[in-house]
Amino acid sequence: MSARGRPRRNLAARAGAFSALHWKRAAFGWLAFAIAAVLLGGAVGGRSLSESEMASGEAAKAERILDSAGFTEPATESVLIQTRDGAATARDPQFAAVIAKVTRTLSRQPEVTNIRDPLKRPRSLISADLRSALVQFDMRGGRDNAPDKVQPILDAVAAVQQERPQFRIEEFGSASAMHVTDETIGEDFRRAERLSLPITLLVLLFAFGALVAASVPVLLAFSAVLAALGLSTFVSYLVPTADATQSVILLIGMAVGVDYSLFYLRRAREERAAGNDSSRALLRAAGTSGQAVLVSGATVLVAMAGMLFAGAKIFTSIGVGAMIVVFAAMVGSLTVLPAILHKLGDRVERGRVPLVGRLRRPAGESRLWGAILRPVLRWPAAAALVSAGVLVAAAVPTLEMHTKLPSFTDLPRSVALVATYERIQRAFPGSQTPAEVVVKADRVTAPAYRQAYREFRRRALRTGLLFRPFHVFVNRDQTVGRIEFAIAGSGADATSYEALSALRDDVVAPIAARLPGAEVAVTGETAATHDANETMKSRAPLVFAFVLGLAFLLLLLTFRSIVVPLKAILLNLLSVGAAYGVLIMVFQWGNLEGPLGFHSNGAIASWLPLFLFVVLFGLSMDYHVFILSRIKELVDRGMPTAQAVERGIRTTAGTVTAAATVMVAVFAIFAGLREISVKQMGFSLAVAVLIDATIIRAVLLPSTMKLLGEWNWYLPRWLQWLPSLAAGGAEPKEAAPAPGAAVPVRAAANGTPLGESVGTGSSTGRKRPPLPVG
């Protein structure tokens, strides 16, 4: 209570009152900030993660050595030559003529150098069955610029293919793969940008029935995304940006930005429908749903911060990007949104959609959800057991999860270069994903090291898991050597991991022990995937403990109950586990390949499980805090818990349904993109939100709350000293909704100034903690 006897307003209520009073400063200040962030961010550019920064474990050590070695090795490309019917061999004159034609064509390209003719190197560039040949060449300049210069070469090779249709003549290499990957991801990201806004607006039109009301959350969320993208470029000089960070910012920003605005705006409309004028309704919404947004946003930030403990810079980049956009969306919802709503007043209802407007129920309660809740609350034990059983069963495939780092090969087979890569892999196993042994010493060309390289080769070939071609590269200072082996398997399967183990333990270790003072480490695609998986496994307990521990503390301080946070964590873990299981059944096991347009690589992206945990845990708390805040509000006015559960869920059902629909729609856009790790991310997030908004919120939450009754609000006496994040003061049952709400001077008969609160009386007499808001 304040010194004047009025309930103390919470931070969200004070922010709403200030923004309403100074709407120009809030609205135009936000607009200027967003524009400045975008323009300045585009002007300064950004810094991306290097390969060494993305790696983990021993592979990271090897990549750091290579980064500092000053290798000027160019990008290498290969042109595959085969007859389409498989009849001719490299010894046939017709086949040899095609090889000569390709070699001449490449020699005329200004960016091509060091062409390797397979007829002069038959052992390494002609397949064992003689039916496939590779013409290899290097591109002038460094690897970084090669993808920008490779298109004319691709066009020249395609022209030879048109002249010789009976042969298969296709190019593949690091430059062409990166070129196609960048083009594909860029096109997909632009497509996601184009679709996310109109789809979100369409969903909100059905939710609000008015164009202006539907447009406000969309514009606010999109401005938060733009501001976050701009800010992330500045932050990238401290925390370099990963390729996936932009997609995560757009995806998370649109989802939470719309959600927060939706929670706020729906409560303001509900208060307006209850008879309050627009200013009083706005300030009541600020003190209730605004506070729920604040707690929800803080929980999401805590969850995203968990990625900082994952031990990999790619997670740090994604986590920081997600935290920036969540913070921007939360600040915008608590400041800019009340300013805009204050200025619009009842004009927020303009642009009514006639049919949708007639279908919308003004009271905010849902008959459909009421029909679902009645049997759930009548038989809560059965409802809880059945729904929990379904989620546990869906989570069982999680025990078989297999992960790998995303690569070019995860693009759909409809991308021509993917098919080329697979054909080269079949003809020359492991040649496109070699294992690399990195050696650092004072002089790696000394006789002892030359002998070591020969021994590496002999031991590698004896394993039966490592093959030719065998290449040795030395930097200009002769301090670092890199030895490449072709490796068995696909690069990320059990065979490849067996080959990696043989390389590290049976080939490298015995020889490295005889090279005193030398640093030796193994990298490559297989090593990077293996080491990333091991890092994730070792760091996962720390991330889980951080996220769950801080989420428990935040909910404990908000609801002043130990039961509420424990139950929230358990329900959210069930939701995440079920989402994992569905993800594995679809992408790892290869179900729905046709409808979803992908080819299963038998794995989940290495970064995805930990990312999904923190994101899903944070997003699911949005609904949990919002619904529980309303239920607690009703309980603290004297309503029995069972009745409060039914009414709280029914009154918030429309908001939760609209918010979940927006999230599922936005996430589904990303599930339709071509890069498989992004597709997996969008699909799993959409499934998890759907599970959370239906099975969890409609069945498990109400049934467990009904079973626990008043124990939901249990707080041991020895914890009564804890501070509260809730609103101060509860209203009696007869009081108007929204305890501690501020009453503006225009609406108050007693002359209370704008933004100050009118006393709401004492609580119902039951000894309960201060009222949380929602």
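Let me begin by describing the structure that accompanies this report. Computed from a predicted structure; not experimentally measured. Each residue is numbered by its place in its chain's sequence as written, counting from 1. At least 70 in pLDDT is required for a residue's local features to be given in this predicted model, at least 80 for side-chain atom pairs to be given and counted, and no such filter applies to totals for whole chains, interfaces and linings, which use all residues. Computation of side-chain values covers all heavy atoms of the structure but excludes hydrogens and water.

## Describing the overall build of the protein chain
Right, on to step 1. The secondary structure content of the protein chain amounts to 26 helices and ten strands.
Right, on to step 2. Here a residue-residue contact requires only that any non-hydrogen atoms of the pair lie within 4.5 Å. The contacts in the protein chain between residues at least 6 apart in sequence include a share of 78% that link residues at least 24 apart.
Right, on to step 3. For accessible areas, the Shrake-Rupley method is used with a probe of radius 1.4 Å. Any residue's cover is judged against the shown protein chains and nothing else. Carbon and sulfur atoms form 60% of the exposed surface of the protein chain, whose accessible area is close to 30800 Å². Counting from the N terminus, the helices are the DSSP runs of H or I reaching at least four residues and the strands are the DSSP runs of E reaching at least two.

## Quick word on the nonpolar core
Right, on to step 1. In this structure, Ile252, Phe315, Phe611 and Ile631 are the most contacted members of the largest nonpolar core, which totals 157 residues.
Right, on to step 2. At 19 residues, the largest contribution of residues to this core is made by helix α24 (residues 608–635).
Right, on to step 3. For the purposes of this section, nonpolar cores are sets of buried Ala, Val, Leu, Ile, Met, Phe, Trp, Tyr and Cys residues that join through side-chain atoms within 4.5 Å. Burial classes: relative accessible area under 20% of the type maximum marks a residue as buried, over 50% as exposed, and values in between as partly exposed (1.4 Å probe, protein chains only). Listed in part, the 29 residues of the second largest apolar core include Val439, Phe485, Ala502 and Val522.

## Section: the packing of aromatic side chains
Within a pair of aromatic rings, the relevant descriptors are the distance that separates the centres and the angle that separates the planes.
Right, on to step 1. What counts as a ring pair is set by centres within 6.5 Å for rings of Phe, Tyr and Trp (its six-membered ring), and what kind of pair is set by the plane angle: stacked under 30 degrees, edge-to-face over 60, tilted for all other angles. Summed over all chains, the structure comprises 13 aromatic pairs.
Right, on to step 2. Arranged with centres 5.9 Å apart and planes meeting at 40°, the rings of phenylalanine 613 and phenylalanine 617 form a pair that is tilted. A residue pair is termed a helical-turn pair when its members lie 3 or 4 positions apart in one helix, as phenylalanine 613 and phenylalanine 617 do in helix α24 at four residues. One exposure class covers both phenylalanine 613 and phenylalanine 617, and it is buried.
Right, on to step 3. Counting every residue linked through ring pairs, the aromatic cluster contains Phe544, Phe613 and Phe617.
Right, on to step 4. Two conditions define a charge sitting above a ring: the NZ of Lys or the CZ of Arg must be within 6 Å of the ring centre, and it must be within 35 degrees of the ring normal. The ring of phenylalanine 208 carries arginine 266 above its face, with NZ or CZ at 6.0 Å from the centroid.
Right, on to step 5. When the ring centre of tryptophan 713 is taken as origin, the NZ or CZ atom of lysine 632, which lies over that ring, is 5.2 Å away.

## Brief notes about the sheet that holds strand β6 (residues 435–440)
Neighbouring strands of a sheet are bound in pairs by backbone hydrogen bonds; such pairs are parallel or else antiparallel.
Right, on to step 1. Taken in spatial order, the four strands of this open sheet run β7-β8-β6-β9, and their pairing is antiparallel. Two strands in the sheet have a free side with no partner beyond their single neighbour: β7 (466–474) and β9 (519–524). In this sheet, adjacent strand axes meet at a mean angle of 20° when their direction is disregarded.
Right, on to step 2. Across six bridges, β6 lies against strand β8 (residues 480–487) in antiparallel orientation. In the sheet register, alanine 435 faces β8, and the bridge partner there is phenylalanine 485.
Right, on to step 3. To define axes, lines are fitted to C-alpha atoms, for helices over the stretch in contact only, and angles between the resulting N-to-C directions are given on a 0 to 180 degree scale. On top of the sheet, helix α19 (residues 447–463) reaches β6, β7 and β8; it is set at about 165° to β7, its chief contact.
Right, on to step 4. Contacts from helix α20 (residues 494–512) reach β6, β7, β8 and β9 within the one sheet, and its direction differs from that of β9 by about 165°. Strands are labelled as partners when DSSP assigns at least two bridges between them.

## Remarks on the environment of arginine 267
Right, on to step 1. Along the chain, arginine 267 turns up in helix α11 (residues 245–273).
Right, on to step 2. On the accessibility criterion, arginine 267 (2% relative accessible area) is buried.

## Observations regarding the packing of helix α17 (residues 380–395) against helix α26 (residues 676–708)
Right, on to step 1. Viewed as axis vectors pointing N to C, α17 and α26 meet at an angle of 140°, and their least axial separation amounts to 8 Å. At the point where α17 passes α26, the crossing takes the left-handed sense. In this structure, α17 contributes Pro380, Ala381, Ala383, Ala384, Ser387, Ala388 and Leu391 to the contact, and α26 contributes Ile691, Ile695, Ile696, Val699, Leu700, Ser703, Thr704, Lys706 and Leu707.
Right, on to step 2. Charged means Asp, Glu, Lys or Arg here, nonpolar means Ala, Val, Leu, Ile, Met, Phe, Trp, Tyr, Cys or Pro, and polar covers whatever is left, Gly included. Along the lines of polarity and charge, the residues of the contact of α17 with α26 split into twelve nonpolar, three polar and one charged. Left-handed describes a crossing whose near helix is turned anticlockwise from the far helix by less than a right angle; the clockwise case is right-handed.

## Side note on a positive patch on the surface
Right, on to step 1. Each patch is assembled from residues with relative accessible area greater than 30% and no salt bridge, linking like charges that lie within 9 Å and nonpolar side chains (Val, Leu, Ile, Met, Phe, Trp, Tyr) that lie within 5 Å. We define a salt bridge as a contact between a side-chain nitrogen of Lys or Arg and a carboxyl oxygen of Asp or Glu at a distance within 4 Å. Here the positive residues are Lys and Arg and the negative ones are Asp and Glu; neither His nor the chain ends is included. A charge is said to be at NZ when it belongs to Lys, at CZ for Arg, at CG for Asp and at CD for Glu. A contiguous patch of positive charge on the surface is contributed by Lys24, Lys343, Arg347 and Arg350.
Right, on to step 2. Lysine 343 sits in the partly exposed class, given a relative accessible area of 40%.

## Brief notes about the pattern of salt bridges
Right, on to step 1. Evaluation of the coordinates by the stated rule reveals 25 salt bridges.
Right, on to step 2. Note that glutamate 53 and lysine 313 form a salt bridge whose closest N and O atoms lie 4.0 Å from each other. Of this pair, glutamate 53 sits in helix α3 (residues 51–54) while lysine 313 sits in helix α14 (residues 313–344), placing them 260 residues apart in sequence.
Right, on to step 3. A relative accessible area of 13% means that glutamate 53 is categorised as buried.
Right, on to step 4. The shortest N-O distance in the salt bridge between glutamate 270 and arginine 630 comes to 3.2 Å. Residue glutamate 270 is located in helix α11, and its partner arginine 630 is located in helix α24; the two are separated by 360 residues in the primary sequence.
Right, on to step 5. What makes arginine 630 buried here is its relative accessible area of 5%.

## Details of a negative patch on the surface
Right, on to step 1. Residues Asp148, Asp182, Glu183 and Asp243 make up a contiguous surface patch of negative charge.
Right, on to step 2. Its location among the elements puts aspartate 148 in helix α7 (residues 146–149).

## So, unusual backbone geometry
Right, on to step 1. Residues other than glycine seldom take positive phi values, yet asparagine 114 does so here, at roughly 55°.
Right, on to step 2. Of note in this structure, arginine 560 is not a glycine but carries a positive phi near 45°.
Right, on to step 3. Mapped onto the elements of the fold, arginine 560 is located in the loop between α21 (525–559) and α22 (563–588).
Right, on to step 4. Take arginine 560: its relative accessible area is 6%, and that puts it in the buried class.

## Things to note about the sheet that holds strand β3 (residues 132–139)
Right, on to step 1. In spatial order, the strands read β2-β3-β1-β4; together these four strands make up an open sheet with antiparallel pairing. Either end of the sheet is taken by a strand with one partner, and the two such strands are β2 (112–116) and β4 (167–173). For this sheet the average axis-to-axis angle between neighbouring strands, irrespective of direction, equals 25°.
Right, on to step 2. When β2 meets β3, the two strands line up antiparallel, connected through three bridges. The partner of valine 112 across the bridge, within β3, is methionine 139.
Right, on to step 3. Each of β1 (76–83), β2, β3 and β4 touches helix α8 (residues 151–163); the most contacted strand, β4, lies at about 170° to it.

## Structural notes on the pairing of β3
Right, on to step 1. Among the eight residues of β3, eight are classified as buried, and the element is accordingly described as predominantly covered.
Right, on to step 2. Sheet topology places β1 next to β3; seven bridges connect them, and they run antiparallel. Across the sheet, leucine 80 pairs through a bridge with leucine 134, a residue of β3.

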